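# Understanding the architecture of this molecule
Next come the chains, spelled out residue by residue.
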Amino acid sequence: MNSPSRVPAEEEEDDHGEVFLDESDIIHEVTVDEEDLPDADEDVEFADEADDSMHIFTGHTGEVFAVACSPTDATLVASGSEDEKGFLWKIGKGDWAFELKGHKDSVSSLAYSTDGQMLASGSLDGIIQIWDISSENLKCTLDGPGGGIEWVRWHPRGHLVLAGSEDASVWMWNADKGAYLNMFSGHGASVTCGDFTPDGKTICTGSDDATLRIWNPRSGENIHVVGGHPYHTEGLTCLAISSDSTLALTGSKDNSVHIVNITSGKVVSSLDSHADSIECIGLATGSPWAATGSMDQKLIIWDLQHSVPRSTCDHEDGVTSLAWLGESRFLATGCMDGKVRLWDSLSGECVRTFSGHSAGVQGISVSANRDYLVSASYDGTARVFEIAEYK
């Protein structure tokens, strides 16, 4: 933004300082179309801002796609990048990093096992590597999918790994034995999201083919296919499952969110308030609330019992990621404007904005003790922000 015109008094002998233009001095105002102005350097808007991060991880040489905090070690973080590398590193210990070597394409997804003993790193090379955290060794390599890995999840109570692929397949392995268990086929396009239900008895997967599929993990049987009216009309982008394993919430490129009864396969409700692609969904742990983030620059907090928005939280750019801060009333968002924001879900107010990134935020993760929030960015860094006061 240009500051107001300021003209120094060139020939004044007395010490009047600078002379500002008066309204009466303006002869003619010209309206300038912003599109006619030369493009500013992209980094200018970030140049003068404070950096609120307490730790910056700079080991990557490309955009950082994924970040995951250990569920058991509050300082341990994993990050993955387009530079074909993953790293384990520790908050506050800039001199320690362990490289997750061996991937031959972007490391696109990361997930810790529920007990924190293992880490799965998934890559666009179609390979998943399983790492033993205590020994820092590669435990096994899981392959099979014919396309890049879109996401990786662990069974809630064991070392079973589930992954969705660009080749429309879903795979499950036993990570302790490095053994293939099952392949779930039926989707007609890339499997963009998925997970085990919290009770571990069912699998839900969403695809670019605009369907949600519900599976039996043991038999591989496809129990339900949810698609067509009144469901999504475009590809699914994200999914969240209720803690009692009864409901799946799905977001789509078609701007809508639908709630599906997992047992019946029926669409029970629709949340329609966004005006662009839904990028992220999160369910609150202590209340019947959900949050959705969209490229329409909004975070919406929903009352699920009545399927109505509680509050709409405006951003400067598209919302790419969100995370509830444990059982607290606060949640965090990552945005394409490079900011991480904290929101009070009761009031809908933004209580904190964290600056530091010089490009959009791709993903965020909360540490096990809820003291730290870690963000992954297109700027090639992961940054850590202190959030202890919002527990």
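Residues numbered from 1 in each chain as written. Predicted model: local features only at pLDDT ≥ 70, side-chain atom pairs only at ≥ 80, totals over all residues. Heavy atoms only, no water.

One open sheet accounts for 4 strands, arranged S3-S34-S33-S32; its pairing is antiparallel. In this open sheet, the two edge strands, each paired with only one partner strand, are strand S3 (55-57) and strand S32 (361-366). Strand-to-strand, the axes of this sheet are offset by a mean angle of 20°, without reference to chain direction. For S32 and strand S33 (residues 372-377), the ladder comprises 5 bridges, and the chain directions are antiparallel. Note that in S33 the partner of Ser365 across the bridge is Val374. (Pairing = 2+ DSSP bridges. Helix = DSSP H or I, 4+ residues; strand = E, 2+ residues; numbered from the N terminus. Axes fitted to C-alpha atoms, helices over the stretch in contact; angles between N-to-C directions.)

Residues with a pLDDT of 70 or more make up 88% of the chain, whose mean pLDDT is 91. Averaged pLDDT values over the elements of the chain bottom out at 38 in strand S1 (residues 6-8) and peak at 99 in strand S17 (residues 203-207). Per-residue pLDDT stays below 50 along residues 1-21; that stretch engages in 9 contacts with residues further than four places along the chain or on separate chains. (pLDDT = per-residue confidence, 0-100. Contact = heavy atoms within 4.5 Å.)

Another aspect to go through is the side chain of Thr202. Mapping Thr202 onto the fold places it in the loop between strand S16 (191-196) and S17. Exposure remark for Thr202: the relative accessible area of 15% places this residue in the buried category. Apart from residues no more than four positions distant in its own chain, Thr202 is found in contact with Asp195, Phe196, Thr197, Ile214, Trp215, Pro217 and Ile262. (Buried < 20%, exposed > 50% of the residue type's maximum accessible area, 1.4 Å probe, protein only.)

Going through the model one piece at a time under the given rule, you end up with 8 aromatic pairs. Between Phe354 and Phe385 the ring centres are 4.8 Å apart and the planes differ by 25°, which places this aromatic pair in the stacked class. A residue pair is termed long-range when its members are at least 10 positions apart, and Phe354 in strand S31 (residues 350-354) and Phe385 in strand S34 (residues 382-386) qualify at 31 residues. Each member of the pair Phe354 and Phe385 is classed as buried. Here the aromatic residues Phe57, Phe87 and Trp89 are joined through ring pairs into a cluster of three or more. When the ring centre of Trp96 is taken as reference, the NZ or CZ atom of Lys90 above it lies at 5.2 Å. (Phe/Tyr/Trp six-rings, centres within 6.5 Å; stacked < 30°, edge-to-face > 60°. Lys NZ or Arg CZ within 6 Å of the ring centre and 35° of its normal.)

Further remarks concern the environment of Gly80. Summarising the element assignment, Gly80 is placed in strand S5 (residues 76-81). When the C-alpha positions of Gly80 and Leu100 are compared, they lie 8.9 Å apart, and in sequence the two are 20 residues distant. Apart from the residues lying within four places of it in its own chain, the contact partners of Gly80 are His60, Val64, Phe65, Ala66, Lys85, Gly86, Val107 and Leu110.

Bringing the sheet that holds strand S23 (residues 266-271) into the picture now. Read across the sheet, 4 strands follow the order S20-S21-S22-S23 without closing on themselves; strand pairing throughout is antiparallel. Looking at the sheet topology across the chains shown, the edges are occupied by strand S20 (236-241) and S23. Sheet twist, expressed as the average angle between the axes of neighbouring strands with direction ignored, equals 25°. Sheet topology note: the S20/strand S21 (residues 247-252) ladder contains 5 bridges and is antiparallel. Bridge pairing in S21 places Ala240 opposite Leu249.

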